[in-house]
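# Descriptive analysis of the structure
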Amino acid sequence: MSSSNEPRRGARATASRRSFLCAGAALLAGGCVSSAEERPPPAPARPRIEGGRRLDGGRVVVVGGGLAGLAVAFELRRRGREVVVLEAQSRVGGRILTVRQPMPEGQRVEAGATHVVGDPDLLALAEAAGIPVEARPRPPQPARPLGQVVLRGGKRRVYPDEDHVPPDAELTAEETALGFEGRLRRFIPDAATLDPYTVRFGPQHLALDRVLAADYLREQGASPGLVAGYDQAFGVGDGLAHTSALSLVRDVANLLRERTLKGGGRFAGGSDGLPVALAAKLGDQGVIREAAVRRIVRAGAELSVTFERRGKTEVLGASRVVCAVPSPVLGEIDIAPPLPPVLRRAMAELRLTAVTRVWIVANRRVWLERGEAGTADTDTWIGRVRDETEAQSGLAGVLGLYRSGASAREMDKVFNRGDGLSGKVVMDAMERVHPGLRETTRHVLSKSWEEDECQRGAYAAFAPGQLTGYGPFAWAPVGALHFAGDHTSHRPGFMHGAVSSAKRVLGEIEADEARLSSGG
C-alpha cells in the first residue's frame, strides 16, 4: 500500500487583505482584519494533559488538517479562540499534495487539487494567508504548432495541430453546432434552474435523484457520443452509469456559475502553499501532526477526543469538536453516544471516487524534440497522457496519467504487483505513445487516493437517492459536534467547496454560542 504522505515509486524505468468570510457575512462582524500582513494573536500554550485527560470549556478541537479544518481553525484563532488541529499525517493539506521530489530542475506536479476557482471566500482566504493566485501558466509558443499524438485502435497517428484531431466521441451535427455551453443548457436543462448552494431539495429534485445520470442524458436526446463525452468530463465514482442525475445537474449548475467568476488560476509555487501557510499561522502548538483520532465522546457540554501519537494515547477536552475528515475515515472513529441514523448512513454508504495519478519523469522531453505535444489521446488502459510540466522551464519533463473509478483500481493493481515490474508495465504502454521515452525516463511514480488510509478516495460520488437522502443537509451539527469537508458542501472535490463548508461551520458556532450566551 502506498504511503499516505508521498507518492509511491514504481520500478525505476530507465535505460538510463480581509477575513476570508468578511464579504456578506454578518455573522463575522468585528472578526475581520484589514490586511493580509496582520497576524493572528499568539497561540495559547498547548494544554497540559495530566492523567490522560483535561477538559477545557473554551477549546475547539479540529479533527483533520485538510483545507476545511485549517480554514475553520485559522478563522477561530483570529477571533482569539484556543484551537488545536489534530492531523493524522506528518503533513497538512489532505488531498492537496504538491509533489516536488524526485522531480528534476525544480519542477513540481500536483497529486490532488490544482485549479483555483475565482470563488470570493477562497480568494480572500488565500489573501489572508499571504498566498498569491496567478493566472494559469501557459506553455511557450513553439515556432510551429506541435503535432497532436493520437493512439487509437492500435495505430499511432500524429495530426498537425489540435484543430485537426478527430473527436474521440462522435457528436451529431446539432450537438456540434450548439457548442460547449449550448450543449450543457440543451441536454442538462435542469442545471439552469437549480441553485447549486441549496441544501434542501424539492420534489422535482427527488425525481432527478432517482434516475441515473446516463439515463437522464438519453431522455434529453443526447447521442451516445455525447453521453460518452460527458462521462469523461463529469463522471465521478464509477461513471454516469452509476451516479445520480441530480449529482450531474448540480455539478453543471456549479460549472455554469463558476464560468462567470474572475480571479482564478493557480496558487503561485504550488497548491500546498495555502494549507502550509495556514498551518504556519496556527503554529506548532496549534497543529499536532501524526495524531490519529480514535474516539470522540460527548458528555453534556463537554467533549473529549482520544488520539494516538507516536505510540502514546492522549486525550484532549474541548467545548466543541469539528470533524473535517472524509466520510469513510470519519466512519472509523468511535463516536459516543452514536450519531443520528442519517449521519451513520452517510458515513457507511457515501463513497469517494478512486483516483490514481502516475508520473513518468524524463531527463529530456523527447516529444518536443520530434515537434510533438506531450499530451496525447489514447484508447488504451493508460487513458489520456498529460504533459504536466509543459509550462515549466527545464530540459527535463514529466508526463502524467489520471485514472478514476474502475480504471484507477486497475492501475493500482499494476503498482501492487509485488514483482518490481510496475514501472516496466507502464513504460511498455507509454513507449507506444512516445517512442524513445524509455531511454530518457528516470522515475515512474504513482499516487493512489483510494489506498491512502487518511483519505479513502478523492471526492464524493453520489449514487441515486444519496443526495436527497443524506446530502449537505445531513451534516448539521450534533450538539457541539460539527462536520466540515468538501463532501459536506455544494462542491465536492474542489478547494472552494472545502472553504464553503468551513464558512458554514463557523456560522453554526457563531449562532449556537450567541444562543447560549442569551440563555436560549
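Everything here concerns the structure above.
Heads up: these notes are all about the structure in this document. What you see is a predicted model, and the numbers here were worked out from it, not measured in a lab.

## What to know about the sheet that holds strand β14 (residues 320-323)
Here 5 strands make up an open sheet; going across it, the order is β10-β3-β2-β14-β23 and the pairing parallel. Looking at which strands have only one partner, the edges of the open sheet turn out to be β10 (287-288) and β23 (481-483). Pairing geometry for β14 and β23, over 3 bridges, is parallel. Directly across from V321, in β23, lies its bridge partner L481.

## As for the packing of helix α2 (residues 120-129) against helix α8 (residues 273-282)
Two elements in contact, α2 and α8, have axes separated by 9 Å at closest approach and are oriented at 55 degrees. Here α8 runs oblique to α2, going by the angle between their axes. When the axes of α2 and α8 are compared, the crossing they make is left-handed. Taking contact as the criterion, the partners of L122, L125, A126, A128 and A129 in α2 are, on α8, L274, A277, L278 and K281. Each residue belonging to the contact of α2 with α8 can be placed in one class, and the counts come to 8 nonpolar, no polar and 1 charged.

## As for the pattern of salt bridges
A complete count under the given rule lists 35 salt bridges for this structure. Between D119 and R257 there is a salt bridge whose closest N-O contact spans 3.9 Å. Of the two residues, D119 is situated in the loop between β5 (109-110) and α2 and R257 in helix α7 (residues 245-258); the sequence distance between them amounts to 138 residues. A salt bridge links R409 to E450, with the shortest nitrogen-to-oxygen separation between them at 3.3 Å. Here R409, found in helix α12 (residues 406-415), pairs with E450, found in the loop between β21 (441-448) and β22 (460-461); they are 41 residues apart in sequence, far enough to count as distant. Since its relative accessible area comes to 32%, R409 is described here as partly exposed. Through salt bridges with shared partners, a single ionic network connects R81, R320, D512, E513 and R515.

## Things to note about the environment of L343
For L343, the position within the fold is in helix α10 (residues 341-349). The spacing of L343 and Y470 is 127 residues in sequence and 7.4 Å in space, taken between C-alpha atoms. When residues no more than four places from it in sequence are discounted, the contact partners of L343 are A474, W475, A476, V478 and F483.

## Quick look at the packing of aromatic side chains
A ring pair, where both rings are aromatic, is described by two values, the distance of the centres and the angle of the planes. Across all of its chains, the model carries 2 aromatic pairs by this definition. On the basis of an interplanar angle of 65 degrees and a centroid distance of 5.5 Å, the ring pair of Y230 and F234 is categorised as edge-to-face. One end of the pair, Y230, and the other, F234, are both in helix α6 (residues 224-234), 4 residues apart, so they sit about a helical turn from each other. Just as Y230 is buried, F234 falls in that class too. Here the guanidinium or amino end of K447 rests over the ring plane of W449, the centre of that ring lying 4.7 Å away. Cation over ring: R491 sits above F494, and NZ or CZ is 4.0 Å from the ring centre.

Reading the values: rules and limits
Residues numbered from 1 in each chain as written. Predicted model: local features only at pLDDT ≥ 70, side-chain atom pairs only at ≥ 80, totals over all residues. Heavy atoms only, no water. Pairing = 2+ DSSP bridges. Helix = DSSP H or I, 4+ residues; strand = E, 2+ residues; numbered from the N terminus. Axes fitted to C-alpha atoms, helices over the stretch in contact; angles between N-to-C directions. Parallel < 35°, antiparallel > 145°, perpendicular 65-115°, else oblique. Left-handed = near helix turned anticlockwise from the far one by under 90°. Contact = heavy atoms within 4.5 Å. Nonpolar A, V, L, I, M, F, W, Y, C, P; charged D, E, K, R; others polar. Salt bridge = Lys/Arg side-chain N within 4 Å of Asp/Glu carboxyl O. Buried < 20%, exposed > 50% of the residue type's maximum accessible area, 1.4 Å probe, protein only. Phe/Tyr/Trp six-rings, centres within 6.5 Å; stacked < 30°, edge-to-face > 60°. Lys NZ or Arg CZ within 6 Å of the ring centre and 35° of its normal.

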